[in-house]
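Understanding the architecture of this molecule
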Amino acid sequence: MATLRERKTYRKAVMDSVYEAVERNRLEVSGATLRDKLRIPDEDLSAACAYLAGEGLITVDWTSHKTPATISLTHEGIRFMEEQEERG
């Protein structure tokens, strides 16, 4: 089980990676690509995505194994990331 600090780190990494994709005009990111890039275990990636989706920051299409198939930022997620970027 991931610690609180690890869970927050995973959530931030997911948001940063998906926002980076949006900046390159990609509308969504593959869950497998994200997992491999960030080296996050499936259950922790799923938990991070479920949390962020619950907060309205991302949308997730889930596989039948309850892992993220694709992840995309919502309008609110983009605004959140822009605010974070402006804060530096």
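Residues numbered from 1 in each chain as written. Predicted model: local features only at pLDDT ≥ 70, side-chain atom pairs only at ≥ 80, totals over all residues. Heavy atoms only, no water.

1. Here's the deal with a negative patch on the surface
Note the cut-off: To count toward a patch, a residue needs a relative accessible area above 30% and no salt bridge. Like charges then connect within 9 Å, nonpolar side chains (Val, Leu, Ile, Met, Phe, Trp, Tyr) within 5 Å. Residue burial considers only the protein chains on display, and all accessible areas are found by Shrake-Rupley using a 1.4 Å probe. Salt-bridge detection follows one rule: a side-chain nitrogen of Lys or Arg within 4 Å of a carboxyl oxygen of Asp or Glu. Neither His nor the chain ends contribute to the count of charged residues, in which Lys and Arg are positive and Asp and Glu negative. One atom stands in for each charge, and that atom is NZ of Lys, CZ of Arg, CG of Asp or CD of Glu. Secondary structure elements follow DSSP: runs of H or I no shorter than four residues count as helices, runs of E no shorter than two count as strands, and numbering proceeds from the N terminus. The buried label applies to any residue whose accessible area, calculated with a 1.4 Å probe on protein chains only, is under 20% of its type's maximum; exposed applies above 50%, and partly exposed to all values in between.
On the surface, a cluster of negative charge is contributed by Glu 23, Glu 76, Glu 82, Glu 83, Glu 85 and Glu 86. Looking at which element gives the most residues to the negative patch, the answer is helix H4 (residues 75-87), with five residues. In this fold, Glu 83 is placed in helix H4. For Glu 83, a relative accessible area of 35% corresponds to the partly exposed category.

2. With respect to the pairing of strand S3 (residues 68-73)
Short version of the rule: Whether two strands pair depends on DSSP finding at least two bridges between them.
Within S3, five of the six residues are buried, which leaves the element mostly enclosed by the surrounding structure. Sheet topology places strand S1 (residues 29-30) next to S3; two bridges connect them, and they run antiparallel. Considered in S3, the bridge of Ser 30 is made with Thr 70. Here strand S2 (residues 58-62) runs beside S3; their pairing, made up of five bridges, is antiparallel. Counterpart to Trp 62 in the pairing with S3 is Pro 68. Hairpin geometry of S2 and S3 is characterised by an intervening segment of five residues between the two adjacent antiparallel strands and by a positive phi of about 60° at Lys 66.

3. Describing the environment of Ala 48
Here is the rule: Any two residues having at least one pair of non-hydrogen atoms within 4.5 Å are treated as being in contact.
Among the structural elements, Ala 48 can be located in helix H3 (residues 42-54). When its relative accessible area of 3% is taken as the criterion, Ala 48 is described as buried. For the pair Ala 48 and Val 14, spaced 34 residues apart in sequence, the C-alpha to C-alpha distance is 7.6 Å. Contact partners of Ala 48, with chain neighbours within four places excluded, come to Tyr 10, Arg 11 and Val 14.

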